[in-house]
Amino acid sequence: MASAFLSRTFFANRVVSSFALNQKPQKLASLLFKKPLHLWASSSRMAYMSTSSIRSDMASTAVGSTATFLTQSMSTTEPVVSVDWLHANLREPDIKVLDASWYMPDEQRNPLQEYQVAHIPGALFFDVDGISDRTTNLPHMLPSDEAFAAAVSALGIENKDGVVVYDGKGIFSAARVWWMFRVFGHDRVWVLDGGLPRWRASGFDVESSASSDAILKASAASEAIEKVYHGQAVGPVTFLTKYQPHLVWTLEQVKKNTEEQTHQHIDARSKARFDGVAAEPRKGIRSGHVPGSKCVPFPQMLDASQTLLSADQLTKKFEQEGISLDNPVITSCGTGVTACILALGLHRLGKTNVPVYDGSWTEWGAQEDTPVSTSTSTS
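In this text the structure is predicted, and so the values were computed from the model without any measurement.

Participant: Which residues make up the overall build of the protein chain, and what values do they have?
Facilitator: Scanning the protein chain for helices and strands turns up 14 helices and 10 strands. Residues counted as buried form 53% of the 379 residues belonging to the protein chain. Summarising the internal contacts of the protein chain: among those between residues at least 6 apart in sequence, 77% fall at separations of at least 24. Per element, the accessible surface of the protein chain, about 16,300 Å² overall, is 51% carbon and sulfur.

As structure tokens, this is what we get:
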């Protein structure tokens, strides 16, 4: 905890030094330290047009023609866009780009500091932990409709906009934010295929240090979340939500499914954690898996460059694990992050209504009355 506090304080000091030339000290203090730094969220640019004839391979290979391949030609049936496409369209006013990097606690990486060091030009930081439900101890659970609308509005995103989300691994936590926007009724959202690593490997520029606009919006999003959960009024809402309950499953729904088996349950965790032979990274969580579920570790959705596999390759992966693409599917993982990568892959295969169990194993494994299976026994 102390080291985390020091690292965040160090980062805050760096932001202050780069921002202080244009702001009064009193304003800086209230802006940067009124709320804990870990609550900061943020935003940026992208958009859409439903055109079923546009295929993902066109978006990923049409480097020479991307200047005219704008958001009007993007299809919401395809969940990713290429770095070439984003580079050609980065300055379009209807494109919002979000850095949604998040890492497992044992990785000891600070996504906010890494954003400060290098991010795609114009991108803002979306705090996966911060834009979340304040009424539960479970990590980064979905916020309420009102809280999400308030935070996203503070980031300057409107319903007419589209959103491109990326992260520092390639495809990891960005898929979670892609799913969040879809849960709240916004289909004009895509994951950047290969993320920041692919962007940098392609030789595209990054920028460092947060602009004053980025700082103001991040602070505003954090304050908006806090106000909603404290019953206080928030600023103008420019983003209206339309909650899609079929994309979110609860503990009770998963319990019911263990008996009725209406949906194939796919777990995105590693095979060792699924089998119960590896300890869970969070204390107090039993090892094993939901009875009747199957394991498809999320890295199987990606190639060596951390880009999403082709439809044919994805189909083979699921079929190899005994998953029928003709039947309904529900996904889960440890805390509801990598389950969204499975949903991303299934979306590419035309299964666009796959629900994610938001509480995932952190919730299920902590209960005393939920059944748990392992590779050797069932309890």
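Participant: Please provide a residue-by-residue account of the pairing of strand β4 (residues 162–166), values included.
Facilitator: The element β4 is extensively covered by neighbouring structure, given that 5 of its 5 residues are classed as buried. Burial along β4 is two-sided: the face carrying Gly162, Val164 and Tyr166 and the face carrying Val163 and Val165 are both buried. For strand β2 (residues 95–99) and β4, the ladder comprises 5 bridges, and the chain directions are parallel. When the sheet's bridge partners are listed, Val97 is paired in β4 with Val164. Of the strand pairs in this sheet, β4 and strand β5 (residues 189–192) are connected by 3 bridges, and their pairing is parallel. By the bridge assignment, Val165 is partnered in β5 with Val191. As for the winding sense of the linkage, the β-α-β connection from β4 through helix α7 (residues 174–183) to β5 is right-handed.

Participant: Talk me through the sheet that holds β5; I want residue IDs and the actual numbers.
Facilitator: Taken together, the 5 strands give an open sheet; going across it, the order is β1-β5-β4-β2-β3, and neighbouring strands pair in parallel fashion. In the strand order of this sheet, the two ends are held by β1 (80–81) and β3 (124–125), each with one partner.

Participant: Lay out the packing of helix α6 (residues 145–154) against helix α9 (residues 212–229) in plain terms, naming residues and giving numbers.
Facilitator: Angle between the axes and distance between the axes: these two values describe a pair of packed helices. Contact geometry of α6 with α9 gives a least axis separation of 8 Å together with a crossing angle of 160°. Between α6 and α9, the interaxial angle falls into the category roughly antiparallel. Crossing hand, α6 versus α9: right-handed. Residues Glu146, Ala147, Ala150, Ala151 and Ala154 of α6 touch α9, and the partners they reach there are Lys217, Ala220, Ala221, Ala224, Ile225, Val228 and Tyr229. For the contact of α6 with α9, the residue count by class is 10 nonpolar, no polar and 2 charged.

Participant: Residues and numbers for the environment of Thr136, please.
Facilitator: On the secondary structure map, Thr136 appears in the loop between β3 and α6. What makes Thr136 partly exposed here is its relative accessible area of 26%. Among the polar contacts listed, one links the side chain of Thr136 to the backbone nitrogen of Leu138, at a separation of 3.0 Å.

Participant: Can you lay out the packing of aromatic side chains for me, pointing to particular residues and giving the numbers?
Facilitator: Per the counting criterion, the structure on display carries 10 aromatic pairs. A ring pair is formed by Trp102 and Phe172, whose centres lie 6.2 Å apart and whose planes are at 15°; its orientation type is stacked. Pair noted here: Trp102 is in the loop between β2 and α5 (111–117) and Phe172 is in the loop between β4 and α7, with a separation of 70 residues, a long-range link. Residue Trp102 shares its accessibility class with Phe172, and that shared class is buried. Where Phe148 meets Phe239, the ring centres are 6.0 Å apart and the plane angle is 70°; that geometry is what we call edge-to-face.

Participant: Explain the nonpolar core residue by residue, including any values.
Facilitator: One broad trend across soluble globular proteins is that nonpolar side chains are buried collectively. Ranked by size, the top nonpolar core spans 59 residues in total, and within it Phe126, Phe148, Val177, Trp179, Phe181 and Met301 carry the most contacts. Every element with two or more residues in this core is listed here: α6, β4, α7, β5, α9, α12 (311–320) and α13 (339–348). Examining the composition of this core, we find that 8 residues originate from one element, α7, more than from any other. Apart from residues lying up to four places away in sequence, Val177 is in contact with Leu98, Ala100, Phe126, Val128 and Val165. Core analysis: the next-biggest nonpolar cluster, separate from the first, contains 17 residues, Val83, Leu86, Val97 and Trp190 among them.

Rules of the game
Residues numbered from 1 in each chain as written. Predicted model: local features only at pLDDT ≥ 70, side-chain atom pairs only at ≥ 80, totals over all residues. Heavy atoms only, no water. Helix = DSSP H or I, 4+ residues; strand = E, 2+ residues; numbered from the N terminus. Buried < 20%, exposed > 50% of the residue type's maximum accessible area, 1.4 Å probe, protein only. Contact = heavy atoms within 4.5 Å. Areas by Shrake-Rupley, 256 points an atom, 1.4 Å probe, with all protein chains shown as cover. Pairing = 2+ DSSP bridges. Right-handed = clockwise from strand over helix to strand, strands pointing away. Axes fitted to C-alpha atoms, helices over the stretch in contact; angles between N-to-C directions. Parallel < 35°, antiparallel > 145°, perpendicular 65-115°, else oblique. Left-handed = near helix turned anticlockwise from the far one by under 90°. Nonpolar A, V, L, I, M, F, W, Y, C, P; charged D, E, K, R; others polar. Polar contact = N/O pair within 3.5 Å; in protein donor to acceptor, adjacent residues only side chain to side chain. Phe/Tyr/Trp six-rings, centres within 6.5 Å; stacked < 30°, edge-to-face > 60°. Core = buried A, V, L, I, M, F, W, Y, C linked by side-chain atoms within 4.5 Å.

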